[in-house]
Amino acid sequence: MELDYAGDLDSQQTWDLLKKEKDSFLVDCRSNAEWSFVGVPDLESLQKNVIFVEWQTYPRMEKNERFLEEISQTEIKKNSKVIFLCRSGARSRSAAELLTLHGYKHCFNCCNGFEGNHNQNGHRGTVNGWQFSKLPWKQG
C-alpha cells in the first residue's frame, strides 16, 4: 500500500532524524491537556524546540480548523522534514497526510507516538513509544 505522506518512523528513528537533519522539526499534535498532564518531548540537547499545535482541541476533541494556518506561522518550510507526534500515531498520521496534501514534501508520522500502543492489559507506556524508548521528555 502506498502512503500519502513520507512514511512512518518509530521513536528512535524520529530522534535520530531530528539529530541528523538541521532542517527538521517535531510537531506534537496532541491536545493541550495531554501536554500538561502526560508530558512533552524534550529536544533541548538537540538545540531544538518542539512545535505544539493541537490536531483536535480539548475538551471536545473537535478538529482544529486552524491547524494548517498555525503550522504555516512556524519556521517550518515546505521542504523541511516534519515529524508529527501524538499519543499513539493516529492523529499524527492524519496531520502528516494533511500537510503532504498542502505541498509539504517530507512529512513523517511517529507511528508509536508519545505513550505507545496498549499492552495486553490496555495500558500504554509499556510496549513502545517516546517515553518507553527512554527519549528525553519532561512534564508540561
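Right above here is the structure, for reference.
Here the structure is a predicted model, which means the values were calculated and not measured.

Re the nonpolar core
Here is step 1 of the chain: The biggest cluster of nonpolar side chains holds 19 residues, and the ones touching the most others in it are Val27, Phe67, Ile71, Ile76, Phe84 and Leu99.
Here is step 2 of the chain: Mapped by element, the contributors of at least two residues to this core are β2 (24-28), α3 (67-72), β7 (81-85) and α4 (90-101).
Here is step 3 of the chain: A per-element tally of this core places α4 first, with 4 residues.

Side note on the environment of Ser24
Here is step 1 of the chain: Mapped onto the fold, Ser24 is located in strand β2.
Here is step 2 of the chain: For Ser24 and Lys48, which are 24 residues apart along the polypeptide, the C-alpha to C-alpha distance reads 9.1 Å.
Here is step 3 of the chain: When residues no more than four places from it in sequence are discounted, the contact partners of Ser24 are Leu17, Leu18, Lys48 and Lys81.
Here is step 4 of the chain: Engagement of the side chain of Ser24 in a polar contact is seen with the backbone oxygen of Glu21, the distance being 2.6 Å.

Notes on the sheet that holds β7
Here is step 1 of the chain: Taken together, the 5 strands give an open sheet; going across it, the order is β1-β8-β7-β2-β4, and neighbouring strands pair in parallel fashion. Every other strand in the sheet has two partners, leaving β1 (7-9) and β4 (51-52) as the edge strands with one partner each.
Here is step 2 of the chain: Strand direction decides the pairing type here: β7 and strand β8 (residues 106-110), joined by 4 bridges, are parallel. Across the sheet, the residue bridging to Val82 is Cys107, located in β8.
Here is step 3 of the chain: Taken strand by strand, α4 contacts β7 and β8, and its axis lies near 175° from that of β8.

Brief notes about the pairing of β7
Here is step 1 of the chain: Taken across its 5 residues, β7 has 4 buried, putting it largely inside the fold.
Here is step 2 of the chain: Pairing analysis gives 5 bridges linking β2 to β7, with the strands arranged parallel. Note that in β7 the partner of Val27 across the bridge is Phe84.
Here is step 3 of the chain: Regarding topology, α4 serves as the crossover connection from β7 to the parallel β8, and that connection is right-handed.

Overview of unusual backbone geometry
Here is step 1 of the chain: Residue Tyr58 is joined to Pro59 through a cis peptide bond whose omega torsion reads 10°.
Here is step 2 of the chain: Here Pro59 lies in the loop between β5 (56-57) and β6 (62-63).
Here is step 3 of the chain: Located in the positive-phi region is Gln47, a residue other than glycine, with phi close to 55°.
Here is step 4 of the chain: Mapped onto the elements, Gln47 comes out in the loop between β3 (40-41) and β4.
Here is step 5 of the chain: Gln47 gets classed as exposed once you look at its relative accessible area, which sits at 70%.
Here is step 6 of the chain: Unusually for a residue other than glycine, Lys134 sits at a positive phi of about 60°.

Here is what the cut-offs are and how they apply
- Residues numbered from 1 in each chain as written.
- Predicted model: local features only at pLDDT ≥ 70, side-chain atom pairs only at ≥ 80, totals over all residues.
- Heavy atoms only, no water.
- Core = buried A, V, L, I, M, F, W, Y, C linked by side-chain atoms within 4.5 Å.
- Buried < 20%, exposed > 50% of the residue type's maximum accessible area, 1.4 Å probe, protein only.
- Helix = DSSP H or I, 4+ residues; strand = E, 2+ residues; numbered from the N terminus.
- Contact = heavy atoms within 4.5 Å.
- Polar contact = N/O pair within 3.5 Å; in protein donor to acceptor, adjacent residues only side chain to side chain.
- Pairing = 2+ DSSP bridges.
- Axes fitted to C-alpha atoms, helices over the stretch in contact; angles between N-to-C directions.
- Right-handed = clockwise from strand over helix to strand, strands pointing away.

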